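What follows is the residue order along each chain.
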Amino acid sequence: MNLAPRQNRPGEVRGDHKVVASLVPHGARVLDIGSEDGALLDLLVKERQVDGRGIELSQMGVNRCVARGLSVIQGDADTDLSDYPDHAFDVVILSQTLQATRAPKEVMSELLRIGKQVVVSIPNFAHWRNRMQLLFKGRMPVTKYLPFEWYDTPNIHFCSLRDFVDLCRELDADVEKAIALSAMGNEIPVSAPWWVWNIVAEQAVFLLKR
Amino acid sequence: MNAETPKPTKSEGLKASESESPSSKLVQFSADEPLELDSGAKLGPWQIAYETYGTLNTDKSNTVLVCHALTGDQYVASTNPVTGKPGWWSLMVGPGKPIDTNHYFVICANVLGGCLGTTGPATVNPATGNAYGLDLPVVTIRDMVRAQARLVDHLGIDTLFAVIGGSMGGMQALQWAASYPERVFASIPIAAAARHTSQNIAFHEVGRQAIMADPNWRSGNYIQEDVRPTKGLAVARMAAHVTYMSDESLHQKFGRNLQDRDNLTFGFDADFQIESYLRHQGMTFVDRFDANSYLYVTRAMDYFDLTEEFNGSLANAFKGTDTRFCIMSFTSDWLFPTSESRSVVKALNAAAANVSFVEIDSDRGHDSFLLNVPEMFETISGFLTGAARARGIPAPGEKT
């Protein structure tokens, strides 16, 4: 799945990938859901020496991942997570994919079941640019970071950071870390209360545990 | 493709010499070292014929065991002494190939029940001095794997870097991982399944009945009586061959084209190219395969059900496994469809195993694994390279 546009040049490590990788302990057993072309998994295997596996929706993406030596299967976050046993992985990663799932709450609950820790990165729909478009243009936001029109977007379940934190609470998940990011995936290095991030951050990475 | 040449009805069938003393390497086990079979029978003396390619490294960690399919043999990457044709997987195995013999030590053995040197129904039964025929105990996929494990022991190799095979070879790759998880670092079942389906069994039964309906079959004693059930075996092969191809590939290759004629003959000659092609396939097959072996090996496939072996749960077969898996299927394979591979993947996920699953887009049916399918080669090569890195052995392209 490739739901957020690629921000980087070839060979360059994506900012949000760097942030996600920083949350994964060395040598951990990792499941990366939505592996795309395997860039994050490759980074994790090389830099964090993880025992990494991936799930990717597109068969073409899967084949590319396996050909570069990564363990990836074709699968769907909405339907295939139930196969895994409880706490099968040290870390389960869902990167830029939650908003495209049919049942985000069920998916989240599965992630928390199969992973001892869960890393989720999501776009923040309540970013000020989106708010402006709705407020002044009266249109569904289309930005460089989220470039789809409302009728062809795969992102069917957007939320704000605040919404996401609420969901975590409802699922009894502790937010161990939350990192606000710019559209480029760079960490916003100021500490601010939630409501500020909910306006300023274009995306965020959460480390969760239940 | 051969034109339609009515073959003399009395084909000689497979020569006995290759099944008794093969051109390949051979290990013989005495009656004191029998093979214990799933049926409860003990087979001994027995022998296993094999070929090797490449060099075993000093810590013996670079062995790739290639398992052949129903009618394959140990000549995976070298000339078959019976047909004179190049090895059946020369595209996959060899120097610089995906299974790179510059880096890996490749073993391929003729399966138990086969007819190119490993003990099978054409082997002489020491108790009678005649070929076993149907006196050979029925063997299973697990028995084949047991025999291979004995060979691997004999070669002083503890752990296999990888076990790979297509179709029945894939069944063996799965069985290896289930029976000897600690001895298999990576398992690559291609176009395979964890069980033979009812439809698979049905097609095999058609083939077996064709053989047994041949008057020359003589209740399996044709070798003693110096005849061969070539017609029955050829029909079995023809029927099976259709299942290895897709409708699409048959259509593209032959369509409704006529064979060496402009008009229908209103008779039962091979008017159509597809008929001529199948007849040719059947006729050439009987020169390289033993009819009773066909019965035994198809039976082994029919009996294969890894789920059954592990009390109804395929996930149990792989519980706690450290083996890395690469499961591969082909879009147009209707004999071992992707759904069968998927259920293996599902079970492996339930065991939280390290698994890759690739479905390759190919219109050439079940036989795709034997053909020039670049995406398959890239996948296998990439998977093996990743596994080699994890195993700590130099992968192709890396310094030794």
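It should be emphasised that the depicted structure is a prediction, and the values quoted were computed from it without experimental measurement. Residue numbering note: each chain is counted from 1, following its sequence as written. As they are written, the chains are lettered A onward and the ligands numbered 1 onward, keeping that order. Only residues with pLDDT of at least 70 get local features here, since the model is predicted, and only at 80 or more are side-chain atom pairs given and counted; chain-wide, interface and lining totals rely on the full set of residues.

## Quick notes on the sheet that holds strand β12 (residues 354-360) of chain B
Residues and elements named next belong to chain B. Short version of the rule: Any two strands between which DSSP finds at least two bridges are classified as paired. For helices the rule is a DSSP run of H or I covering at least 4 residues; for strands it is a run of E covering at least 2, with both sets numbered from the N terminus onward. Each axis is a line fitted through C-alpha atoms, and for a helix only the stretch in contact is used; angles between axes span 0 to 180 degrees, taken between their N-to-C directions. This entry defines residue contacts through backbone-placed C-beta atoms, with two residues in contact when those atoms are within 7 Å.
The strand order across the open sheet built from eight strands is β1-β4-β8-β5-β9-β10-β11-β12, with neighbouring strands paired in mixed fashion. Every interior strand has two partners, whereas the edge strands, β1 (25-29) and β12, have only one. Strand-to-strand twist across the sheet, computed as the mean angle between neighbouring axes with direction ignored, equals 20°. The pairing of strand β5 (residues 63-67) with strand β8 (residues 105-109) spans four bridges and is classified as parallel. For V64, the partnering residue across the bridge sits in β8 and is V106. Strands β5, β9 (160-166) and β10 (184-190) of the sheet are contacted by helix α3 (residues 168-179), whose axis makes an angle of about 150° with β10. Along the sheet, helix α12 (residues 374-391) makes contact with β9, β10, β11 (324-330) and β12, crossing β10 at roughly 170°.

## Some points on the environment of V175 of chain A
Residue and element names in this part refer to chain A. Applicable threshold: Residues with at least 20 other C-beta atoms within 10 Å of their own are called buried, those with 12 or fewer are called exposed, and the rest are partly exposed. The C-beta atoms themselves are positioned from the backbone.
Within the secondary structure, V175 sits in strand β6 (residues 174-181). Since 14 C-beta atoms lie within 10 Å of it, V175 is described here as partly exposed. C-alpha separation for the pair V175 and L94, spaced 81 residues apart in sequence, amounts to 15 Å. In contact with V175, not counting residues within four places along its chain, are V165, C168, F206 and L208.

## A look at the sheet that holds strand β4 (residues 89-95) of chain A
Residue and element names in this part refer to chain A. Ordered by their spatial adjacency, seven strands build an open sheet running β3-β2-β1-β4-β5-β7-β6, and the pairing between neighbours is mixed. Every interior strand has two partners, whereas the edge strands, β3 (71-74) and β6, have only one. Adjacent strand axes in the sheet meet at a mean angle of 15°, parallel and antiparallel pairs treated alike. When strand β1 (residues 29-33) meets β4, the two strands line up parallel, connected through four bridges. Within β4, the position partnered with V30 by the bridge is V91. Packing of helix α4 (residues 104-114) onto the sheet brings it into contact with β4, β5 (115-123) and β7 (203-209), and relative to β5 it is tilted by some 145°.

## A closer look at the confidence of the model for chain B
The line we're drawing: Scored between 0 and 100, pLDDT is the confidence that the predictor attaches to each residue.
Residues with a pLDDT of 70 or more make up 96% of chain B, whose mean pLDDT is 94. Within the model, the stretch residues 1-11 of chain B combines pLDDT values under 50 with 15 contacts to residues more than four positions away or in other chains.

## Focus on the pairing of strand β4 (residues 46-53) of chain B
Residue and element names in this part refer to chain B. Most of β4 sits inside the fold, with seven of its eight residues counted as buried. In the sheet, β1 pairs with β4 via five bridges, with the strands oriented antiparallel. In the sheet register, Q28 faces β4, and the bridge partner there is Q47. In terms of strand pairing, β4 meets β8 through four bridges, oriented antiparallel.

## With respect to the interface of chain B and chain A
Just so we agree on the cut-off: We call Asp, Glu, Lys and Arg charged. Ala, Val, Leu, Ile, Met, Phe, Trp, Tyr, Cys and Pro are nonpolar, and the rest, Gly among them, are polar.
In this complex, chain B contributes 21 residues to the contact, which on the side of chain A involves 18 residues. Contributing elements (two or more residues each) for the side of chain B that touches chain A: β11, α11 (338-350), β12 and α12 of chain B. Residues that form the side of chain B that touches chain A fall into these classes: eight nonpolar, seven polar and six charged.

## Describing the nonpolar core
Put simply, the rule is: As used throughout, a nonpolar core is a set of buried Ala, Val, Leu, Ile, Met, Phe, Trp, Tyr and Cys residues joined through C-beta atoms within 7 Å of each other.
V92 and A204 of chain A together with V66, V106 and A162 of chain B are the most contacted members of the largest nonpolar core, which has 173 residues in total. What V106 of chain B contacts, discounting residues up to four positions off in sequence, is T52, Y53, G54, V64, V66, V93, I99 and T101 of chain B.

## Re the packing of helix α4 (residues 198-213) of chain B against helix α5 (residues 230-244) of chain B
All names here are of chain B. The cut-off we apply is this: Should an angle fall under 35 degrees it is taken as roughly parallel, and over 145 as roughly antiparallel, whereas 65 to 115 is taken as roughly perpendicular and any remaining angle as oblique. With the far helix as reference, a near helix turned anticlockwise by less than a right angle produces a left-handed crossing, and one turned clockwise produces a right-handed crossing.
With their axes 7 Å apart at the nearest point, α4 and α5 run at an angle of 165° to one another. One element, α4, and the other, α5, form an angle in the roughly antiparallel class. The way α4 lies across α5 gives a crossing that is right-handed. Residues F203, V206, G207, A210, I211, M212 and A213 of α4 form the contact with α5, whose own contacting residues are G232, L233, V235, A236, A239, A240 and T243. Among the residues forming the contact of α4 with α5, the class breakdown is 11 nonpolar, three polar and no charged.

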